[in-house]
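# Summary of the model geometry
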Amino acid sequence: DLGLSTLGPFSQTGVVDYVIFAVLLAASMAIGLYYALSGGRQRTTQEFLMADRSMHCLPVSLSLIASFQSAVAIIGVPGEIYTHGTQYWFIGCSYILGLLIPAHVFIPVLYRLRVSSAYQYLELRFSKAVRICGTLTFICQMVIYMGVCVYTPAFALNAVTGFELWGTVLATGLVCTLYTTMGGLKAVIWTDVFQTVVMFAGQLAVIMVGVQRTGGVSEVWRKVWEGNRISGLDLNPDPTERHTFWTLGVGGIFLMLSLYGVNQAQVQRYLSSRTEKEAVRSCYMVFPSLQLALALSCVMGLVMFARYCGEDPSDKLGTSSRDAMVIYFVMDMLQGLPGLPGLFVACLFSAALSTISSAFNSLATVTMEDLIKPYFPAMSESRATLLSKALAASYGLLCLAMAYLTHLMGDSVLQVALKIFGMVGGPILGLFSLGMFFPWANSTGAVAGLGTGLAVAFWVGIGSIFTRSSGARPLQDNSVFRPTGLKRFYSLSYMWYSAFNCFTVILIGLIISFLTGRQVLMCAYPLYNPQLLFTNSLNVYFLFRPYERRGCNTRNNLSPVRETPLFSA
Ligand SMILES: O=C(O)CCCC[C@@H]1SC[C@@H]2NC(=O)N[C@@H]21
Ligand code: NA
């Protein structure tokens, strides 16, 4: 508690803010209960994990946003814009291809395979070992990320308002675990819808009050313009430059593909759609909402700059953490307006709840589908569902432990989250790309590629922590730091991690495949018949297993879908 509890929402306006926060938690619980007691009452894994594959595109698209738009973005992005200007806004350019490729490349393949876990594809294409490696990698990524998402809002609030830290983490974690365990994917998707609305409302409120209290739109614009926080198009090709149009607009595409193309949390939402067209439509509908989310958090950073541009309140705050400063700004703007601080607290926790509930549910799904069911085929449906619920609950508790670990990480939470996605999500994207676009890759190559990709990713990621240059260089710091050799390698912008690690997996995967299974060339069918791809008809072949000693064989029981154009030319 930085002694700013005078600014705290719960000292000035008191009860009404607590009520709003409590209403948010209660509403989420109510939705969880509703889906626990209605429909099939969550008695089958098809319902608990896949929502009976009956969802419409609107809730699915809002739930897709909610999965990877957490308090990290709501607190981290304004801090980024305040410190470095609007260069980060260019990440919005990556949303075009970052959503088109999932819609027309990854969804068709994964939807038609009728899988529950994205990693089942890896077994069909490669082998069980590759599937297990993919699943374990995904579990590591989401468990670490969940910890950051639970910790962020609680830490930020505690830093500024003295709001009870671990009590909040516990309350959030328990409520989330409960409704996810009771109501399954249907509850997670519908709470995501409700929480996304609260998230947008909270940010909008802060922006409107903030602009009004900082002298109106023209005054805000004048201050950010003079403070040169409106960044131009930075076309600097230097890959060690932290944020440029290339690292954000192009590097961001690979980040988006790793999240919206192959991440189980998003794939599960596509697969829960009633038809493939509905899934593709939900992917398209993500675009405007994602741009809105990005705009709100960027504008919030600009208003915050207009408010404090001269002074630097970190001395009052006692911490130079930009993340804590964002909460200070919000409480400074909203104090004395009954209900608004509570609305923002609800916004923060809605963002966190909607992300960690998606993480719980997708972790329970892959653990069940990839790590348990294959070894217990005779397990009864009710037993499997009960186990899935136990898994969701245990992941909830694990996430609280991870929240504590986040305590120890440096950097702004936004950078921590983006680094995790780059270091772990990038290699997984590489693994799927190796399988889908390189028919001659085999499972030995895939495992070697993934292992190498993860090793290199952690080498760069950990190395970057020790070299100054990878951190955020404040705008006014114009010291020319020219890293050389290994230091240059460590200085790679973290926005390139997804692309860099993806290509490492593909490169190593291909080399090892050639060295171990050259006969493969004759057997695997192209996933896409390339010359057809651009004539509007997509022939999705289910892949034959790569060459075994006895010549090509099709051990999997999926017959190739031959020559049936999936949508007419
Ligand atoms: O908010 C978080 O929890 C993670 C930070 C943002 C993750 C990436 S950034 C590009 C894409 N847009 C989003 O809203 N989330 C993802
Ligand atoms: Na969220």
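In short, a report on the structure. (Residues numbered from 1 in each chain as written. Chains lettered and ligands numbered in written order. Predicted model: local features only at pLDDT ≥ 70, side-chain atom pairs only at ≥ 80, totals over all residues. Heavy atoms only, no water.)

## Considering the environment of Leu386
Mapped onto the secondary structure, Leu386 falls in helix 17 (residues 381–406). The exposure class assigned to Leu386 is exposed, which follows from its relative accessible area of 61%. Once the C-alpha coordinates of Leu386 and Thr181 are considered, the two residues, 205 residues apart in sequence, prove to be 9.4 Å apart. (Helix = DSSP H or I, 4+ residues; strand = E, 2+ residues; numbered from the N terminus. Buried < 20%, exposed > 50% of the residue type's maximum accessible area, 1.4 Å probe, protein only.)

## Remarks on empty space enclosed by the protein
Inspection of the entire model under this criterion finds 5 cavities of 30 Å³ or more. Of the voids in this model, the largest cavity is the one considered here, and its volume is about 290 Å³. Lining of the largest cavity is provided by 22 residues; of these, Phe68, Gln69, Tyr88, Tyr95 and Leu418 occupy positions nearest its centre. At the level of elements, helix 5 (71–84), helix 11 (245–261), helix 13 (276–308) and helix 18 (413–437) are the ones that each hand at least two residues to the lining of the largest cavity. Here the residues of the lining of the largest cavity sort into 19 nonpolar, 3 polar and no charged. (1 Å grid on protein atoms, 1.4 Å probe; cavity = no way out; pocket = protein on both sides within 12 Å on 5 of 7 lines; lining within 4 Å. Points joined across faces, edges and corners; volume = space filled by probe spheres on them. Nonpolar A, V, L, I, M, F, W, Y, C, P; charged D, E, K, R; others polar.)

## Observations regarding the nonpolar core
Within the largest apolar cluster, 160 residues are counted, with the highest numbers of intra-cluster contacts made by Tyr88, Tyr260, Phe329, Phe344, Leu348 and Phe432. Beyond its immediate chain neighbours, meaning those up to four positions away, Tyr88 contacts Val77, Glu80, Ile81, His243, Leu248, Leu294, Leu414 and Leu418. (Core = buried A, V, L, I, M, F, W, Y, C linked by side-chain atoms within 4.5 Å. Contact = heavy atoms within 4.5 Å.)

## Some details on the pattern of salt bridges
Tallied over the full model, the rule gives 15 salt bridges. Put simply, Glu219 and Arg222 hold a salt bridge, and the shortest N to O gap is 2.6 Å. Here the residue Glu219 and the residue Arg222 both occupy positions in helix 10 (residues 217–226), the gap between them amounting to 3 residues, near one helical turn. On the basis of relative accessibility, which here comes to 36%, the residue Arg222 falls in the partly exposed class. (Salt bridge = Lys/Arg side-chain N within 4 Å of Asp/Glu carboxyl O.)

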